[in-house]
Amino acid sequence: MIAEIGLAALWLAAALAVLQMVSGAFALKSAEGEVNPLAIYARPAAVVQAFLAVLAFILLLRAFAITDLSIKLVAANSHSMKPLLYKLTGTWGNHEGSMLLWVGVLAASGGLLAAFEKRLPERTMGATLAVQGFVALGFYAFLLLSSNPFERLPVPAAEGTGLNPLLQDIGLAIHPPTLYAGYVGLSVAFSLAMGALLTREVNPSFARVMRPWVLGAWVLLTLGITAGSYWAYYELGWGGWWFWDPVENASLMPWLAATALMHSVSVLAARDALRTWTIMLGVLAFSMSMLGTFLVRSGVLTSVHAFAVDPERGAFILGLLGLYIGGAFTIFALRAGAVAEGKRFAVASREGALVFNNVMLSAILAIVLLGTLYPLLTEAFNVRVSVGPPYFNPASAIFAVPMFLVMAVGPLLRWKSDKPARLQFELALIAALVIGVIAAVSFFGQFPLLPLLGLGLAAALAVAAFLPLRGRNLKRVPVATWGMVLAHFGVAVSLFGMACEGAFSQERLAAVAPGGTEQIGDFAVTLERVTPVAGPNWTAIEARLAVSEDGGEPVILNPQARSFWSPPMSTSESALLTKWDGQLYAVIGNQAEDGRWQIRIWWKPFVTFIWYGGLLIGLGGLLAIAGRVRVDVKRRSATAKGAQRRADIEALGTPPTPIPAE
Amino acid sequence: MKAKHQRLVLVIIALLAIVGAGLLAAWSLRNQANYFYLPEQMAATPPDVGQAVRLGGMVQKGSIKTEADGVTVNFMVTGNTADAIPVRYSGILPDLFVENSGVVAEGSLGPDGVFIATNLLAKHDENYVPKELEGMGTQDAAKMAAETTVGLN
């Protein structure tokens, strides 16, 4: 019964999406200050739809929890012997389940918007909900017509086929839901942008409504990408943290657009400039989310992490993509001219720096987009190519380096217009840090150019991030400003980690007999023994490595080579020794004919800073949201108090006259 | 400068930067067109020594030899023709690296004509087949799919 209820909930939700779309559209017919009687159904439809879509997802979770093998999806992706946690995470470790999660988050964010957003004019709100309903409808159609997660098997399976062991990891429990919430949070930014474009209500108060959604989606994307990078690093066993893999790029592209959008929406909210540009980025950011979904879900690209792919579904998503992105950009092209002009600003100003950052982010986005799609284009001409780091690294660095430089200076500039001469000290400090660090590091040896630049920029950014606080009373600095400082410092921390990993990593690869010792950096690694071990659904060989730093007390590391039996495959479980200044990363390989074991050990100085930086960036975003919400609440209560006082005064008739002092 | 003019200037700057990025991408991607080689292509027009490329093909039967250090492996990669490229790789072999199965080697050609692989991509999960290998003859492709894909019926 449960599967049927879930399916019914999805159909009902789709019907409500139609109602939301039509009713919301009537809001555009509302006269000034009035609400069209047919427009009042949009909000309740969005809320009930959210409830139904989330219900459907919970029902699927339950089917996975109890391993209901009469459901095709469960039989194809789960196994009764699997640990409960991975049964649950297996719900979204496949195509249908992850699309249901996507739709659930889409509906939930639409429902939240409908339930809690009261500041937007009703016409804009109606148009926004209509667009949100339209987007949801397409994805309901996709689920119901081509990827029904609740499909029953004619005869229940005797046992499930299991879940790809690479996905049986706590990383999968966190990474996709976070990323999806971010992707889909951008759908609200998209709907708001389209709603405002349709009603021409693009102004600072609109930007203040849009900003928390953009910030929230951006924080989730940041954390999702950070978690995904760490997962790939420790789970794939290759010791890398970014592979420029199409699936990774699929999450990076919306992040780049969202980063630009977050900055431009702040300019619009604070200074009433960049009106059309913000709308365009709102459309672009969600377009990138959908493109990412298409790339990952359609099977057009092979990737080390693409799973559950099916080319036939590609056409459906491609159709949706064309409809939404094409439609949105058509409306944008037709309406953009009608959006009123924003305020002017000089090139040397905070706005100017933010525009520069936006343009650089867009250029990097173009580089990543073209590199990701290029193999698809050439394949149409029967030429097969793979595009890898030799393209992505230098091409994106050309735009990233000036962006980081301006990022250090931008927050120090004044709004509207500024004189660079005012910042002589700061500019000199930043230049000295970049050049000084590069020169100092080059003195100690030959290092590749990009890590060197990264180190110089990281040092400058780390210091510059705190310069906006200079000479201010720290107690009176707004929370949102602290958020910016922290996020920019996080970028410096990540950059430092990436540069150190690129420049100073050491690697040792050897075949070692039990009892043998290998030296890497300050560490002596002894292979004590190799033993077989068994887990709930796998067996493994496990090495016991005694790691001793500078002859100190040894620490034990246990890298494993695991074999799963359903589906039959092997994974490498790396073992990590985390120190404050880096990580020792160990992997065990095959046994040579003479009985020696292959072991591979990396010393990666400060590699953890890559992810600490990601967490700091996310935390900065959270502070910015908290700061904005606080200011909004204060402003609202201040207006309420003002209204109350005016009412009190009116009720008294005449204002009380102060008693004249004698 | 009027607001309208400023908007125009902004649009032009943004367009220039993005078109610039596009041109840069197109230019470097054209160089990347030679990034992936089949053995016969590498035999006919070898890439420059040291240039980062990928070599994809099948691991020739009986060609896998481990050196005395226990971690360096030499093998031959073949494609649709008789051409075979010798490959040397130091590292932990992917679990599904076996004779007669598909492999993509990342690395560069050494001065002695041996391809020095820094990374080997064999079958990665039960659904993954290196897309580049689809260009092999139907027979080889079918054989490779059968041998390198576990769990698909």
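Residues numbered from 1 in each chain as written. Chains lettered and ligands numbered in written order. Predicted model: local features only at pLDDT ≥ 70, side-chain atom pairs only at ≥ 80, totals over all residues. Heavy atoms only, no water.

## Some remarks on the overall build of chain A
Here comes step 1: When helices and strands are tallied, chain A shows 17 helices and 10 strands.
Here comes step 2: Radius of gyration (C-alpha) of chain A: 28 Å, near the 26 Å computed for a compact globule of 662 residues.
Here comes step 3: The buried share of chain A, taken over its 662 residues, is 57%.
Here comes step 4: Pairs at least 24 apart in sequence give 73% of the contacts found in chain A among residues at least 6 apart.
Here comes step 5: Only carbon and sulfur atoms are counted for the fraction: they give 66% of the accessible area of chain A, which is about 27,100 Å².
Here comes step 6: Of the charged side chains in chain A, 46 are positive and 39 negative, and the gap between their average positions amounts to 12 Å. (Helix = DSSP H or I, 4+ residues; strand = E, 2+ residues; numbered from the N terminus. Rg over C-alpha atoms; globule rule 2.2 N^0.38 Å. Buried < 20%, exposed > 50% of the residue type's maximum accessible area, 1.4 Å probe, protein only. Contact = heavy atoms within 4.5 Å. Areas by Shrake-Rupley, 256 points an atom, 1.4 Å probe, with all protein chains shown as cover. Lys, Arg positive; Asp, Glu negative; His and termini not counted. Charge placed at Lys NZ, Arg CZ, Asp CG, Glu CD.)

## Looking at the overall build of chain B
Here comes step 1: Scanning chain B from terminus to terminus reveals three helices and seven strands.
Here comes step 2: Across the 153 residues in chain B, those meeting the buried criterion constitute 48%.
Here comes step 3: Within chain B, contacts between residues at least 6 apart in sequence are counted, and of these 53% link residues at least 24 apart.
Here comes step 4: Carbon together with sulfur atoms contributes 59% to the accessible area of chain B, which is approximately 7,400 Å² in total.

## Looking at the packing of aromatic side chains
Residues and elements named next belong to chain A.
Here comes step 1: Across all of its chains, the model carries 30 aromatic pairs over all chains by this definition.
Here comes step 2: Consider the rings of Trp 102 and Tyr 180, whose centres lie 6.0 Å apart with planes at 85°: the pair is edge-to-face. You can see Trp 102 sitting in helix α5 (residues 95-116) and its partner Tyr 180 sitting in helix α7 (residues 170-199), a full 78 residues away along the chain. Judged on exposure class, the residue Trp 102 and its partner Tyr 180 are both buried.
Here comes step 3: Measuring from ring centre to ring centre gives 4.9 Å for Tyr 391 and Phe 392, while their planes differ by 70°; the resulting arrangement is edge-to-face. (Phe/Tyr/Trp six-rings, centres within 6.5 Å; stacked < 30°, edge-to-face > 60°.)

## Some details on the confidence of the model for chain B
All names here are of chain B.
Here comes step 1: When the pLDDT values of chain B are averaged, the result is 74; 73% of them are 70 or greater.
Here comes step 2: Predicted confidence is poor over residues 124-153, with pLDDT under 50, and the contacts of this stretch with residues over four places away or in other chains come to 63 contacts.
Here comes step 3: ipTM for the predicted complex: 0.75, alongside a pTM of 0.88. (pLDDT = per-residue confidence, 0-100.)

## Quick notes on the packing of helix α13 (residues 389-409) of chain A against helix α15 (residues 449-464) of chain A
All names here are of chain A.
Here comes step 1: Following both chains from N to C, one finds α13 and α15 inclined at 20°, their axes separated by 10 Å at the closest point. Put simply, α13 runs roughly parallel to α15. Note that α13 runs across α15; the crossing there is left-handed. Packed against α13, whose contacting residues are Asn 393, Pro 394, Ala 397, Val 401, Phe 404, Leu 405, Met 407 and Ala 408, the element α15 presents Leu 450, Leu 453, Leu 457, Leu 461 and Ala 464 at the interface.
Here comes step 2: Each residue belonging to the contact of α13 with α15 can be placed in one class, and the counts come to 12 nonpolar, one polar and no charged. (Axes fitted to C-alpha atoms, helices over the stretch in contact; angles between N-to-C directions. Parallel < 35°, antiparallel > 145°, perpendicular 65-115°, else oblique. Left-handed = near helix turned anticlockwise from the far one by under 90°. Nonpolar A, V, L, I, M, F, W, Y, C, P; charged D, E, K, R; others polar.)

## Side note on the pattern of salt bridges
All names here are of chain A.
Here comes step 1: Counting across every chain of the model gives 18 salt bridges over all chains.
Here comes step 2: As a salt-bridge pair, Lys 604 and Glu 501 come within 2.5 Å of each other at their nearest N and O atoms. Of this pair, Lys 604 sits in strand β10 (residues 597-605) while Glu 501 is found in helix α16 (residues 479-504), placing the two residues 103 residues apart along the sequence. You'll find Lys 604 and Glu 501 in the same group, each marked buried.
Here comes step 3: Residue Arg 596 is joined to Asp 594 by a salt bridge in which the shortest nitrogen-to-oxygen separation is 2.9 Å.
Here comes step 4: Connected through salt bridges with shared partners, the residues Glu 4, Asp 68 and Arg 152 form a single ionic network. (Salt bridge = Lys/Arg side-chain N within 4 Å of Asp/Glu carboxyl O.)

## Structural notes on unusual backbone geometry
Residues and elements named next belong to chain A.
Here comes step 1: The backbone of Asp 272 shows a phi angle near 55°, a positive value even though the residue is not glycine.
Here comes step 2: Position of Asp 272 relative to the elements: it lies in the loop between α9 (246-271) and α10 (275-298).
Here comes step 3: Located in the positive-phi region is Asp 550, a residue other than glycine, with phi close to 50°.
Here comes step 4: Locating Asp 550 in the fold gives a position in the loop between β4 (538-549) and β5 (555-557).
Here comes step 5: Accessibility expressed as a relative area gives 62% for Asp 550, which makes it exposed.

## Digging into α9 of chain A
All names here are of chain A.
Here comes step 1: Along its 26 residues, α9 runs 37 Å from first to last C-alpha, staying within 8% of the 38 Å computed at 1.5 Å per residue.
Here comes step 2: Counting buried positions along α9 gives 23 out of 26 residues, so the element sits mostly inside the fold.
Here comes step 3: Measuring from the backbone nitrogen of Val 247 back to the side-chain oxygen at the start of α9 gives 2.9 Å, which picks out Asp 245 as the cap.
Here comes step 4: Note on α9: the residue one or two positions beyond its end, Asp 272, has a positive phi of about 55°. (Expected span 1.5 Å × (residues − 1). Polar contact = N/O pair within 3.5 Å; in protein donor to acceptor, adjacent residues only side chain to side chain.)

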